Amino acid sequence: MFAYSVTSIGGAAFWGCASLTSITIPDSVTSIGDEVFINCTNLASITIPDSVTSIGDGAFWKCTNLTSITFGTNSNFTSIAVSAFYQCTSLTSITIPDSVTSIGSSTFSGCASLATITIPDGVTSIGDGSFYHCTSLTSITVG
């Protein structure tokens, strides 16, 4: 019998799994593909393990019940992809890891409940429309 470890979650793997409320991503995963959890409307929280170095475009697009994102501390996790958390309308706050240097276009666009965000000093690029329609945003901390 062979034992295999999951090292990546491929694009659209859980697309439209509206009944999915939680997921545990194992420490063996290094990459989360494009649109993996798109329209998982009941996914409430996600913990990105330390092993993850990349999150694909639109990975959590329209996860409308997502209230909490916890990022790992992998120093190789340097960018948050385009539209990764697009229209996560229940997300209220986010702390971007210190290792991140780039935030893609429309990353948090439409996160209408997002009130606070912490951006590390090392971020050198924030894409177009990254916080477009974040109508509740009252506090941004850089550094």
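Right, let's walk through the structure included here. As the structure is a prediction and not an experimental result, all values here were calculated from the model. (Residues numbered from 1 in each chain as written. Predicted model: local features only at pLDDT ≥ 70, side-chain atom pairs only at ≥ 80, totals over all residues. Heavy atoms only, no water.)

**Focus: the packing of aromatic side chains**
Okay, so step 1: One pass over the structure, following the stated rule, counts eight aromatic pairs.
Okay, so step 2: Judged by centre distance (5.4 Å) and plane angle (5 degrees), the rings of F14 and F37 are stacked. In this pair, F14 sits in the loop between β1 (8-9) and β2 (31-32) while F37 sits in the loop between β2 and β3 (45-47), placing the two residues 23 residues apart along the sequence.
Okay, so step 3: Pairing F85 with F108 gives two aromatic rings, centres 5.6 Å apart and planes at 5 degrees, and the pair type is stacked. Within this pair, whereas F85 is found in the loop between β6 (79-80) and β7 (93-95), its partner F108 is found in the loop between β8 (102-103) and β9 (116-119), the two being separated by 23 residues in sequence.
Okay, so step 4: For F108, a relative accessible area of 0% corresponds to the buried category.
Okay, so step 5: An aromatic cluster is built from F14, F37, F60, F71, F77, F85, F108 and F131, whose rings are joined through pairwise contacts. (Phe/Tyr/Trp six-rings, centres within 6.5 Å; stacked < 30°, edge-to-face > 60°. Helix = DSSP H or I, 4+ residues; strand = E, 2+ residues; numbered from the N terminus. Buried < 20%, exposed > 50% of the residue type's maximum accessible area, 1.4 Å probe, protein only.)

**What about the nonpolar core?**
Okay, so step 1: I32, I55, F60, F85 and F108 are the most contacted members of the largest nonpolar core, which totals 36 residues.
Okay, so step 2: Once residues within four sequence positions are removed from consideration, F60 is found in contact with F37, L43, I46, I48, I55, L66, A84, F85, Y86 and C88. (Core = buried A, V, L, I, M, F, W, Y, C linked by side-chain atoms within 4.5 Å. Contact = heavy atoms within 4.5 Å.)

**Topic: the sheet that holds β6**
Okay, so step 1: Taken in spatial order, the three strands of this open sheet run β6-β8-β10, and their pairing is parallel. Of all strands in the sheet, those bounded by a partner on one side alone are β6 and β10 (125-126).
Okay, so step 2: Pairing analysis gives two bridges linking β6 to β8, with the strands arranged parallel. Bridge pairing in β8 places S79 opposite S102. (Pairing = 2+ DSSP bridges.)

**Points about unusual backbone geometry**
Okay, so step 1: In this structure, E35 takes a positive phi of about 55 degrees despite not being glycine.
Okay, so step 2: The backbone of S83 sits at a positive phi, close to 55 degrees, despite the residue not being glycine.
Okay, so step 3: Secondary-structure assignment places S83 in the loop between β6 and β7.
Okay, so step 4: In this structure S83 comes out as buried when scored by relative accessible area, which is 9%.

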